[in-house]
Amino acid sequence: MPEAPKDTLKSTDNYYVVADKNKEALLFIEDVTCNPGEIQRKVLEEILSSNADVEYLQRHGLHGHTDRDTFKKLMPVITYEDIYPDIKRIANGDTSPILCSQPISEFLTSSGTSDGERKLMPTIEEDQERRSLLYSLLMPVMSQFVDGLEKGKGMYFLFIKSEAKTPSGLLERPVLTSYYKSSHFKDRPYDPYTNYTSPNETILCSDSYQSMYAQLLCGLCQSKEVLRVGAVFASGFIRAIQFLKQHWKALSNDIRTGALDTQITDPSLREAVMKILKPDPELADFIEAECSNSWQGIITRLWPNTKYVDVIVTGTMSQYIPTLDYYSNGLPLVCTMYASSECYFGVNLNPLCKPSDVSYTLIPTMAYFEFLPIQRNYGINNSISVPKSLSEKEQQELVDLTDVKLGQEYELVVTTYAGLYRYRVGDVLRVAGFKNKAPQFNFMCRKNVVLSIDADKTDEVELQNAVKNAVNHLLPFDATLAEYTSYADTATIPGHYVLFWELSLNGSTPIPPSVFEDCCLSVEESLNSVYRQGRVSDKSIGRLEIKIVVPGTFDKLMDYAISLGASINQYKTPRCVKFAPIVELLNSRVESSYVSPKCPRWVPGHKQWGTKN
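How each quantity is defined
- Residues numbered from 1 in each chain as written.
- Predicted model: local features only at pLDDT ≥ 70, side-chain atom pairs only at ≥ 80, totals over all residues.
- Heavy atoms only, no water.
- Helix = DSSP H or I, 4+ residues; strand = E, 2+ residues; numbered from the N terminus.
- Buried < 20%, exposed > 50% of the residue type's maximum accessible area, 1.4 Å probe, protein only.
- Disulfide = S-S within 2.5 Å.
- Salt bridge = Lys/Arg side-chain N within 4 Å of Asp/Glu carboxyl O.
- Pairing = 2+ DSSP bridges.
- Phe/Tyr/Trp six-rings, centres within 6.5 Å; stacked < 30°, edge-to-face > 60°.
- pLDDT = per-residue confidence, 0-100.
- Contact = heavy atoms within 4.5 Å.
- Axes fitted to C-alpha atoms, helices over the stretch in contact; angles between N-to-C directions.

### Topic: the environment of threonine 509
Right, so step 1: Its location among the elements puts threonine 509 in the loop between β20 (496-505) and α18 (513-526).
Right, so step 2: By relative accessible area, threonine 509 is classed as partly exposed at 49%.
Right, so step 3: C-alpha of threonine 509 to C-alpha of proline 476: the two residues are 33 residues apart in sequence and 9.4 Å apart in space.

### Focus on the state of the cysteines
Right, so step 1: One pass over the full model with this rule turns up zero disulfides.
Right, so step 2: For cysteine 218, which is in no disulfide, the shortest distance to another cysteine sulfur is to cysteine 221 and amounts to 6.3 Å.
Right, so step 3: Residue classification places cysteine 218 among the buried positions, given a relative accessible area of 1%.

### What about the pattern of salt bridges?
Right, so step 1: Enumeration over the complete set of coordinates arrives at 27 salt bridges.
Right, so step 2: Between lysine 161 and aspartate 538 there is a salt bridge whose closest N-O contact spans 3.1 Å. With lysine 161 in the loop between β3 (153-157) and β4 (164-165) and aspartate 538 in the loop between α19 (529-536) and β21 (545-549), this residue pair connects regions lying 377 residues apart in the sequence.
Right, so step 3: Relative accessible area serves as the criterion here: at 18%, aspartate 538 is assigned to the buried category.
Right, so step 4: The salt bridge involving glutamate 411 is made with arginine 424; its shortest N-O contact spans 3.0 Å. Placement of the pair is glutamate 411 in strand β14 (residues 409-415) and arginine 424 in strand β15 (residues 423-435), with a sequence separation of 13 residues. Both residues of the pair, glutamate 411 and arginine 424, belong to the buried class.

### Regarding the pairing of strand β6 (residues 226-233)
Right, so step 1: Across the eight residues that make up β6, a large majority, six, are buried.
Right, so step 2: For β3 and β6, the ladder comprises five bridges, and the chain directions are parallel. Paired with glycine 154 across the bridge in β6 is arginine 228.
Right, so step 3: As paired elements, β6 and strand β7 (residues 308-312) share four bridges and run parallel to each other. Bridge pairing in β7 links arginine 228 to tyrosine 308.

### Some remarks on the packing of aromatic side chains
Right, so step 1: Under the definition given, this model contains 22 aromatic pairs.
Right, so step 2: For the pair tyrosine 135 and tyrosine 179, a centre-to-centre distance of 4.5 Å together with 35 degrees between the ring planes defines the contact as tilted. Linking tyrosine 135 in helix α6 (residues 127-143) with tyrosine 179 in helix α7 (residues 175-180), this pair joins segments that are 44 residues apart in sequence.
Right, so step 3: When the ring of phenylalanine 516 is compared with that of tyrosine 594, the centres are 4.7 Å apart and the planes differ by 20 degrees; the resulting orientation is stacked. In this pair, phenylalanine 516 sits in helix α18 while tyrosine 594 sits in strand β22 (residues 590-595), placing the two residues 78 residues apart along the sequence.
Right, so step 4: Here phenylalanine 516 falls in the buried class, since its relative accessible area comes to 4%.
Right, so step 5: Residue classification places tyrosine 594 among the buried residues on the basis of a relative accessible area of 15%.

### Concerning the confidence of the model for the protein
Right, so step 1: Mean pLDDT over the protein stands at 86; residues scoring 70 or higher make up 92%.
Right, so step 2: In the predicted structure, residues 8-15 sits below a pLDDT of 50 and forms seven contacts with residues beyond four places in sequence or in another chain.
Right, so step 3: A low-confidence stretch, residues 378-382 stays under pLDDT 50, and its non-local contacts, those more than four residues away or across chains, total eight contacts.

### Details of the environment of valine 498
Right, so step 1: Tracing the backbone through its elements, the reader meets valine 498 in strand β20.
Right, so step 2: Exposure remark for valine 498: the relative accessible area of 1% places this residue in the buried category.
Right, so step 3: Spatially, the C-alpha atom of valine 498 lies 9.6 Å from that of cysteine 576, the residues being 78 residues apart in sequence.

### Focus: the sheet that holds strand β8 (residues 333-334)
Right, so step 1: Strand order in the open sheet formed by four strands is β3-β6-β7-β8, with parallel pairing between adjacent strands. The open sheet terminates on both sides in strands that have one partner only, identified here as β3 and β8.
Right, so step 2: Contacts between helix α10 (residues 208-221) and the sheet are confined to β3 and β6, with β3 contributing the most and set at about 160 degrees to the helix.

Laid out in structure tokens, this is it:
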């Protein structure tokens, strides 16, 4: 297989041969995209041969075979529920080679959920090398489109999240937390492309308030050096701007005096920031003047040399594009890479394209990829519903990376070095084109997801169960829920879930506002741990809101859908709405609204290991 680019260059007297490293990375991309079929064959062979004796492969009768045909004939296409018993054994301390011949070093927590809890993805030490490889390709690609990026810094808002441990002591944490805490990030060699305004100590601070404050302060102090800004998700970057709106006076005061706010108490963070913070009354005056005026274009005003905003704006994150355009004066919105807890996948080779045109080229050395053809149910929902289990015929329909068809949509299936075999990731991709012989994919959505604000993903079944639990509060008032739908409202910061409820009132006793507030909290308590963490710990999701609409509203919604061409015989109420005219119709008929009175319960870690079979 083509050799991955190496970090062999050094920083000597501030001289760095960036062009050579970029050339090496771009040649690697060229090599792997010219012969992806053969590389994929070798990747599968390597995974199967290195794991030939593991229990899972033996269980399915592979017995050392490494060829693609035997693998596809014998190995089932699976979901998380299929391998949870094996995950549970590893989590409880079984160190035998169950899924992988190498020791499972930790579990990476997925933003998707199973039984309301985060999924745990096995990973091995060498996976960090693969993640680092993908990161090393991003800026060489970007440098083809934007000159001089090595001459300044990136202001990125990066954060760690809470960790927990399995009963056996293995860490369970998000993939980015794992990466930021690894030597690959903390002890990374000099590279102008990973030269951030945020010192490592500010990123690794577990207190989200102190971390955000310090990162913004450092970014403001070095404002003229900033050439690019970003965060992982669009929602995270907008939260940083909202934080600036709330705290710019304190931040500018710190810059004026050269003294760090006393609320910032983390010793290592304070020490790192004080190496950057110096008294600068002129800069403080400038910040105060800009933040006292309109916030339109605040990014280009406070950080005038910024060339683009680096955030994920595909899938559900596309709902934040208008807000980003407002704050950035229409700077390019760049999506550089495609990755998940299961595996890192690929890169965007045309990063300055419109967000709607973003496509990712899967790097064939990362894992073995297969694709399940799917059909979208177009209509008012424009929904994708994929069955949890596949028939034998459907399993045979999976195609390889080089056999996908232009314009077709597929669910991504991966086989990884860390012990996932023919695992359904749950992402829906559409083939957008090709780089040499390697297909490029638009990320369409997560299958079956109806609501998402940040990292949360709520499906229709989960939403239905949460609503069912909440309406029990209405029973004493002889009231029932006639119909409902939902909406992810990102006009607020942070965004929040909105439920539109139409009630049937049979009793005469008015329903007190506190009962509806209890309904809001009940819905939140019933949602998954990723949602609840966003509410409680990350503060990335706002309070859930229930809007009561006047009787007949959902009849109006049906009439509107039929006017757009929906069949009256096949129409069913959408459980989530996104189309602006429909949201406007619902909002025009709201008679009262209520929000959760407090945060739902959430604690780090996976719920009782011993109770799930």
